[in-house]
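Coordinate analysis (summary)
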Amino acid sequence: MFDQRYQQRITERVFVEGWQRKQQGALVVGTYCAFTPEEIIMAAGAVPVSLCAGSPEPITAAERVLPRNLCPLIKSSFGHALQDDCPYLAATDLIFADATCDGKKKMFELLAGFKPLHLLQLPQTYGTPASLRQWLGELQRMKAVLEAATGREISDSALQEQVRLHNRLRHTVSQVYALNQGPVPLVYGREIDCITGAGGFSCNLEARIGEMEEAILLARERGSDAAFQEQMREKPRILLTGCPSTNRKLLDALEDSGAVVVAMETCGGLKTAGSLVDENAPPLPAIAMHSLQTACPCMTPNPRRLDILRELVDRFAVDGVVELTWTGCHTYNVEATLVKEAVVQRFRKPYLQVETDYSLADCEQLRVRVEAFLEILKHRA
């Protein structure tokens, strides 16, 4: 029902709308991480677009410049710039990049040779008043850059309007995931990815919310079928965590092997959609507080991620936790030690870490490891 053709239809519509906005004079602003608040960009009348890439094709070109042992997400993103073959990057007028991991920070220095780029100096912790002051200052600078680029003042009322709209979007994404909270999951993880991940340009969030609400109704209707319920009831319930799932290789391996990924604690998943901006507070400080609290391993310490995982394990009645680590992503790889310890010792759930890249070379090995893990879950049931 919700397959790649479904996703492609939405992506094509959004792409056409984004290019129309650009041709009408709207500024297109590229982003690379959830820390960069789209609310500020859209309050300026500009169009945000995510530039993180999941394709293996540009990596060979990127490795002529970047280290081969760098993570594939960074290499794929930069490879598109080298090859000038990404329409989203081609449409981008300026980029806001946040200083998260070391690999991205240094790649951004090279990327600035292709597009105007403003680096937001992200604090290394979300746990102190000083870090919030610093991040608020960075977002005030971001606001000033956008006002100069668009010739449009970003008012508090415009920010408040975008806060409300983006909170509705986050809530709707959470409602898609909530389809899997019952004793029988109603959607596969791949379907969640198609429903919530379709798009590119963020220019018509009302339409995206409407499409997701329609998908929720269709999924509930399908879920009332007894044969479908029987099929889903027996599947191991997996929580997928770890690196941004820009490439669906592991997700496909899990569900091709008979599991259902009921929830994803990843960028774009419940890590970022699971909480809302305070609509009753002054908008820019509220946006700063919300985005800074993103439970990314680039923050140290990062206890919020373990709290989120604990809550999701319980809420989605998870049978096992699988962590995706892109090869070369030392930030997530180091924190995986703490995640494994929490999942196994505190949450009492089986845990599997998968370290891989975008290539297809290890797909058979990956399948064997996933099937062995699912067999462990079946014997625990």
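This text follows the structure it describes.
Below is a summary of the structure that appears in this document. For clarity, every value in this text was computed on a predicted model and none was experimentally measured.

As a further point, take helix α9 (residues 189-197). Of all the nine residues making up α9, seven are buried; the element is thus mostly covered by neighbouring parts of the structure. Residues of α9 that are buried: Gly189, Glu191, Ile192, Asp193, Cys194, Ile195 and Thr196. Taken together, the buried residues of α9 touch α1 (4-23), α8 (156-178), α10 (205-223), α12 (249-256) and β6 (260-265).

Another aspect to go through is the pairing of strand β4 (residues 117-120). Strand direction decides the pairing type here: strand β3 (residues 94-98) and β4, joined by four bridges, are parallel. Each residue of the ladder has a partner; that of Asp98, found in β4, is Leu120.

Before going further, it helps to examine the sheet that holds strand β1 (residues 28-31). The four strands are arranged β2-β1-β3-β4 in an open sheet whose pairing can be described as parallel. In this open sheet, the two edge strands, each paired with only one partner strand, are β2 (47-50) and β4. Put simply, the sheet's adjacent strands are angled 25 degrees from each other on average, direction ignored. The pairing of β1 with β3 spans three bridges and is classified as parallel. Bridge pairing links Thr31 to Phe96 in β3.

Locating Phe114 in the fold gives a position in the loop between α6 (102-111) and β4. Placed 10 residues apart in sequence, Phe114 and Gln124 show a C-alpha to C-alpha distance of 27 Å. Discounting residues that sit within four places of it in the chain, Phe114 has contacts with Phe78, Ala81 and Leu82.

Take the sheet that holds strand β8 (residues 351-356) next. Strand order in this open sheet of four strands is β6-β5-β7-β8, and the pairing throughout is parallel. Each of the sheet's edge strands pairs with one partner strand only, and the pair in question is β6 and β8. Along the sheet, successive strands turn relative to each other by an average axial angle of 25 degrees, direction set aside. Bridging between strand β5 (residues 237-242) and β6 involves five bridges; their strand directions are parallel. When the sheet's bridge partners are listed, Thr241 is paired in β6 with Glu265.

Rules and cut-offs
- Residues numbered from 1 in each chain as written.
- Predicted model: local features only at pLDDT ≥ 70, side-chain atom pairs only at ≥ 80, totals over all residues.
- Heavy atoms only, no water.
- Buried < 20%, exposed > 50% of the residue type's maximum accessible area, 1.4 Å probe, protein only.
- Helix = DSSP H or I, 4+ residues; strand = E, 2+ residues; numbered from the N terminus.
- Contact = heavy atoms within 4.5 Å.
- Pairing = 2+ DSSP bridges.
- Axes fitted to C-alpha atoms, helices over the stretch in contact; angles between N-to-C directions.

Taken by themselves, the reported measurements are silent on function.
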